[in-house]
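Coordinate analysis (summary)
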Amino acid sequence: MSSTVDIGTVGIAGCGLMGSGIAELCARAGIHTLVFDVNSAALATGRARVEASLSKAVARGKLTLEESERAWASIHFTTDLDRFADRDLAIEAVPEDTEMKLALFSALDKVMERPDALMASNTSSIPIMQLASATNRPDHVVGLHFFNPVPVLDLVELVPTLKTDDTAWHRMHHFAADALGRRVIISQDRAGFVVNALLIPYLLASIRMFESGFAVAQDIDDGMVRGCAHPMGPLRLTDHIGLDTTLAIAECLYREFREQLYAPPALLSRMVEAGHLGRKAGRGFYDYHVPGAPTADASPAAPSGGRPPLSS
C-alpha cells in the first residue's frame, strides 16, 4: 500500500444517519469498512438503514444487484472500538457534541496502531484543531464533512488544520475525490466551514420571521421554493437537518464569531427543549405524524388563523 495515497481500510465511529451513510459510500467504493457504535440498538438500526438504502439503489437502477451485494460484503459492524487498531482511516460521525467528540478522538488515538493512520471528523461546525488537540497525532487529523443523504449528495468539505501535514492532506484529498468520487471543496478551519457558515444564518432568519408572526411556515417555505427556486424551504430544511443539530451548529458559530446573525432564536431553543426536533421526532415546524404530506405546525408562534397581522 502506498503511504501517500492509498486508504484500503476505514472505520466509521458512529452508526447514526450520517455514519451509516458514510459507511455505505465507502463500501460502494470497495473499501473494507468497519462501523462502530457503543449502542447495539443504534448499530442494528444503522445496519438496517444501509441494507434498505442499497435495496432502493438497486430498485432505482443506481446499482446492480452484484454491486449491492459486493458493497454489503464490505461492511462489518461492531461495538468493540479496539477493532479499529488496523484501520488506515477512522472517521468520527457521532452527534454534534464537542465533549463526546473529544472523548472519541482521544480513544481512537490510543486504539489505532498504524503510525500513518489518519483521523477525520464529520463535524458540521466544530473547529478541527480543537478535536485534533485530543490526540497525539494532530498532524494526521482533518475535517471531512459529508452531507445528508450521503450516498446521494456528492459534496464533501475538506478542512485541514494549522498542523495537518502535506502527506495527510494529499491522502485525504485523494480518498475523498478519487476513491469516493466526491466533489471536494476546501475550507479554512473556522466554525461552520463553508456551507454552514452561509446556511445557518439563513435558517435562523427564517425562524425569526416565523417566530415574530411575520409569515406562516408554509408561506415562508413557498416563498423560497417558488420565488428563488430552492429545492426545499428553510423551515422544512431545518426539520430535515434536525432542530437540535441546527441549534448546536448555531451555538458553535456564535461562540466563534460573536455575530448576532449566528445567535439562536429563543423559539429554536424552546422547540428543542420540547423535543420538537423535526422529521426524526415526528414534529418540528411541520407535523410528520399525519399520513401523506407534512402539515404546517399549529405552533403558538404562528399568527391566529394562519394570517400575519396587517401593518398599520
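Residues numbered from 1 in each chain as written. Predicted model: local features only at pLDDT ≥ 70, side-chain atom pairs only at ≥ 80, totals over all residues. Heavy atoms only, no water.

**Points about the pattern of salt bridges**
- Going through the model one piece at a time under the given rule, you end up with ten salt bridges.
- Two residues, Lys-101 and Glu-92, come together in a salt bridge whose shortest N-O distance is 2.4 Å.
- Looking at Lys-101, the relative accessible area reads 1%, which means it is buried.
- Across the pair Arg-270 and Glu-273 runs a salt bridge whose closest N-O atoms are separated by 2.7 Å. In this pair, Arg-270 and Glu-273 both sit in helix α11 (residues 266–273), three residues apart, roughly one turn of the helix.
- Using a relative accessible area of 45% as the deciding quantity, one classes Arg-270 as partly exposed.
- One salt-bridge network, held together by shared partners, links Asp-88, Arg-114 and Asp-116. (Salt bridge = Lys/Arg side-chain N within 4 Å of Asp/Glu carboxyl O. Buried < 20%, exposed > 50% of the residue type's maximum accessible area, 1.4 Å probe, protein only. Helix = DSSP H or I, 4+ residues; strand = E, 2+ residues; numbered from the N terminus.)

**Some words on helix α4 (residues 98–111)**
- Under the 1.5 Å per step criterion, the end-to-end length of α4 is 20 Å for 14 residues, consistent within 8% with the ideal 20 Å.
- Among all positions in α4, only Thr-98, Lys-101, Leu-102, Leu-104, Phe-105, Leu-108, Asp-109 and Val-111 are buried.
- Sitting at the amino-terminal end of α4 is Asp-97, which places a side-chain oxygen 3.1 Å from the backbone nitrogen of Glu-99. (Expected span 1.5 Å × (residues − 1). Polar contact = N/O pair within 3.5 Å; in protein donor to acceptor, adjacent residues only side chain to side chain.)

**Describing helix α8 (residues 217–228)**
- For α8, built from twelve residues, the straight-helix expectation of 16 Å at 1.5 Å per residue is met to within 8% by its first-to-last C-alpha distance of 16 Å.
- Looking only at α8, the buried set comprises Ala-217, Ile-220 and Asp-221. For α8, the angular spread of the buried residues around the axis is 95 degrees, confining them to a single face. Those residues of α8 that are exposed and angled more than 90 degrees off the buried face are Arg-226 and Gly-227.
- Of the surrounding secondary structure, the elements contacted by the buried residues of α8 are α7 (195–211), α9 (234–241) and β9 (286–287).
- One or two steps after α8, the chain reaches Ala-229, where phi turns positive at roughly 60 degrees. (Arc of directions from axis to C-beta. Contact = heavy atoms within 4.5 Å.)

**A look at the packing of α9 against helix α10 (residues 243–257)**
- At a minimum axis distance of 6 Å, the contact between α9 and α10 shows a crossing angle of 95 degrees. In this view, α9 runs roughly perpendicular relative to α10, as classed from their interaxial angle. Between α9 and α10, the residues in contact are Thr-238, Asp-239 and Ile-241 and Leu-243, Thr-245 and Thr-246, respectively.
- Taken together, the residues of the contact of α9 with α10 break down into two nonpolar, three polar and one charged. (Axes fitted to C-alpha atoms, helices over the stretch in contact; angles between N-to-C directions. Parallel < 35°, antiparallel > 145°, perpendicular 65-115°, else oblique. Nonpolar A, V, L, I, M, F, W, Y, C, P; charged D, E, K, R; others polar.)

**Considerations on the packing of aromatic side chains**
- Under the defined criterion, the tally for this structure stands at four aromatic pairs.
- Look at Phe-210 and Phe-285: their rings are 5.6 Å apart centre to centre, the planes differ by 90 degrees, and that puts the pair in the edge-to-face class. Of this pair, Phe-210 sits in helix α7 while Phe-285 sits in the loop between α11 and β9, placing them 75 residues apart in sequence.
- Ring geometry for Phe-257 and Tyr-262: centres 5.5 Å apart, planes at 35 degrees, overall tilted.
- Over the aromatic face of Tyr-286 sits the side chain of Arg-236, whose NZ or CZ is 4.3 Å from the ring centroid. (Phe/Tyr/Trp six-rings, centres within 6.5 Å; stacked < 30°, edge-to-face > 60°. Lys NZ or Arg CZ within 6 Å of the ring centre and 35° of its normal.)

**Some thoughts on the nonpolar core**
- Core analysis: the biggest nonpolar cluster contains 48 residues, and Phe-84, Leu-108, Leu-235 and Phe-285 have the highest contact counts within it.
- Residue assignment for this core shows that the elements contributing at least two residues are β2 (32–36), α4, α5 (128–132), α7, α8, α9, α10 and α11.
- A per-element tally of this core places α7 first, with seven residues.
- Setting aside residues no more than four positions away along its own chain, Leu-235 makes contact with Ser-206, Ile-207, Phe-210, Ala-217, Ile-220, Asp-221, Phe-285 and Tyr-286.
- If you look at the next biggest cluster of nonpolar residues, it comprises 38 residues, including Cys-15, Leu-54, Phe-146 and Leu-158. (Core = buried A, V, L, I, M, F, W, Y, C linked by side-chain atoms within 4.5 Å.)

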